[in-house]
Amino acid sequence: MKNIYGTIKKCLRAFLEKLYISTVAPKAEVKKYYVSICTIFKDEAPFMKEWVEYHRMIGFDHIYLYNNNSSDNYLEILRTYIDDGFVTLTDWPDTPGQLSAYRHFACNFWNETSWVAFCDLDEFYCPRKCRNIKDFLELYKRYPSIFCYWRLFGAGGKEHHDFSRPVIEQYVNASSIFDRVGKCIVNTDYEIYSYSASSIHFTKVTRNILKHPFVFDPIDIFGNVINSETATDKLLRRRGRKMSESAPIQINHYRNMAWDIVRKKASMTNVFYDENNTRKHFCFFLHAENLIDSVDYSIYRFLTELKLNLKGRMSDIIN
């Protein structure tokens, strides 16, 4: 009986949440940026330019980067983007620093952008039904928090990464079905409800309604209210392949690159965990590789333009 009441309560809450979203118009306030990215990094300079150029190319207006004790040449890579105002760089020495960096962003930059996407430097937002992230958001502008699914990419048998080629070109072996985890694009008319390991992936937000705070779970790109991995697991078991094929956007998560990259990461601490070990990473590596059963070239339609941008601005080449 208790489980029945719990299910009814959860369904009613989801119904009321979607009813509110469908009936309340978004604010008309114009902010400095329409859609931005917030991320924290550590010693990822070799991948930084491609990641920044790619997300600029698909329509992101600004990127807020938090440097977590990097010792490589990240500043040399980022200098141009900082000077032209596309990147805001903040040094963030906390160990681990991901959650506290996100709190800092919420306190200091939240009202500069209408939407903010949270992701890491091995994650690429990949629109599939349009070429621009703003066109995608136009369809979801009433949502408080949009949950986008990961598609996991694997090493494809590579032992050594080729630093002369883009990541999105080298790695095409992928899972045919979305992962139960992903990341959210958040509407900044709302506030983040809490900061935890779960909230990195399933970002709940809150907003006062009739002077009372109301918590909103993220809603996925198909309109499903999502609150945990369990929720997405159930969805994917029922209609995972259909969802994966019809999605308007996905996050290409290059979880496994060549083994030399994975092994190097295993020897370092990262932005969330304060300790690492090779054996643990090898177990994660094998687990992810076991999920790779297809190829996915959907991001390739951006590849030529990306390559031109990496060589100089494409507008310079055209002119």
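Since we're looking at a predicted model, the values are computed, not measured.

Cut-offs used in this document
The residue count restarts for each chain, going from 1 along the sequence in the order it is written. At least 70 in pLDDT is required for a residue's local features to be given in this predicted model, at least 80 for side-chain atom pairs to be given and counted, and no such filter applies to totals for whole chains, interfaces and linings, which use all residues. Side-chain numbers here rest on the full set of heavy atoms in the structure, without hydrogens or water. Residues belong to one nonpolar core when they are buried, are Ala, Val, Leu, Ile, Met, Phe, Trp, Tyr or Cys, and are joined through side-chain atoms within 4.5 Å. Categorising residues by exposure relies on relative accessible area from a 1.4 Å probe, with only protein chains included: less than 20% of the type maximum marks a residue as buried, more than 50% marks it as exposed, and the intermediate range marks it as partly exposed. Only DSSP runs of H or I covering at least 4 residues are called helices, and only runs of E covering at least 2 are called strands; the numbering of each starts at the N terminus. Contact definition: two residues touch when any of their heavy atoms are within 4.5 Å. In what follows, salt bridge is the name for a side-chain nitrogen of Lys or Arg lying within 4 Å of a carboxyl oxygen of Asp or Glu. The criterion for strand pairing is that DSSP finds at least two bridges linking the strands in question. In this analysis an axis means a line fitted to C-alpha atoms, helices contributing only their contacting stretch, and an angle means the value between N-to-C directions, from 0 to 180 degrees. Any angle that is under 35 degrees is reported as roughly parallel, and any over 145 degrees as roughly antiparallel; angles of 65 to 115 degrees are reported as roughly perpendicular and all others as oblique. What makes a crossing left-handed is the near helix being turned counterclockwise from the far one by less than a right angle; a clockwise turn instead makes it right-handed. When residue character is reported, Ala, Val, Leu, Ile, Met, Phe, Trp, Tyr, Cys and Pro are called nonpolar, Asp, Glu, Lys and Arg charged, and the others, Gly included, polar. When we speak of the arc, we mean the arc of directions from the helix axis to the C-beta atoms.

Focus on the nonpolar core
Counting residues in each nonpolar core, the largest one holds 86 residues, and the members touching the most others are Y54, Y125, F136, I146 and I185. At 7 residues, helix 2 (residues 45–57) tops the list of elements feeding residues into this core. Non-local contacts of F136, meaning those with residues more than four positions away in its chain, are made with C130, I146, I185, I221, P248 and I249.

Re the pattern of salt bridges
Within this structure, the stated rule accounts for 14 salt bridges. In this structure, K141 engages E138 in a salt bridge whose closest nitrogen and oxygen atoms are separated by 2.8 Å. Take K141: its relative accessible area is 35%, and that puts it in the partly exposed class. A salt bridge links K307 to E169; the shortest N-O distance between them is 2.8 Å. In this pair, K307 sits in helix 11 (residues 303–311) while E169 sits in helix 6 (residues 167–170), placing the two residues 138 residues apart along the sequence. Overall, the relative accessible area of 30% leaves K307 in the partly exposed class. For E169, a relative accessible area of 15% puts it in the buried group. Several salt bridges converge on common partners, so that one network encompasses D120, E123 and K183.

A few points about the pairing of strand 5 (residues 123–127)
Most of strand 5 sits out of view: 5 of its 5 residues are buried. Across the two faces of strand 5 the burial is the same, with E123, Y125 and P127 and F124 and C126 all buried. As paired elements, strand 5 and strand 13 (residues 249–253) share 5 bridges and run antiparallel to each other. Bridging across to strand 13, P127 finds its partner in I249.

A few points about the packing of helix 2 against helix 3 (residues 74–83)
Two elements in contact, helix 2 and helix 3, have axes separated by 8 Å at closest approach and are oriented at 20°. The orientation of helix 2 relative to helix 3 falls into the category roughly parallel. With respect to the hand of their crossing, helix 2 and helix 3 are arranged in right-handed fashion. Between helix 2, through A45, M48, K49, V52, E53 and R56, and helix 3, the contact on the second element is made entirely by Y74, I77, L78 and Y81. Looking at the contact of helix 2 with helix 3 residue by residue, the class counts come to 7 nonpolar, no polar and 3 charged.

Focus on the environment of A117
Positionally, A117 belongs in strand 4 (residues 113–118). On the accessibility criterion, A117 (0% relative accessible area) is buried. When the C-alpha atoms of A117 and S36 are compared, they prove to be 6.2 Å apart, with 81 residues separating the residues in sequence. Setting aside anything within four residues of it in sequence, one finds A117 in contact with S36, I37, C38, F60, Y125, C184 and I185.

Quick word on the sheet that holds strand 11 (residues 212–216)
Spatial ordering of the open sheet is given by 9-10-11, a layout of 3 strands whose pairing is antiparallel. The open sheet has two edge strands with one neighbour each: strand 9 (191–192) and strand 11. Summarising the sheet, strand 10 (residues 205–209) and strand 11 pair through 5 bridges and their orientation is antiparallel. Looking across to strand 11, one finds that I209 is bridged to H212.

Here we look at helix 9 (residues 259–266)
Those residues of helix 9 that fall on the buried side of the exposure criterion are I261, V262 and A266. Taken down its axis, helix 9 places every buried residue within 140° of arc, on the same side. Across from the buried face of helix 9, at angles greater than 90 degrees, the exposed residues are R263 and K264.

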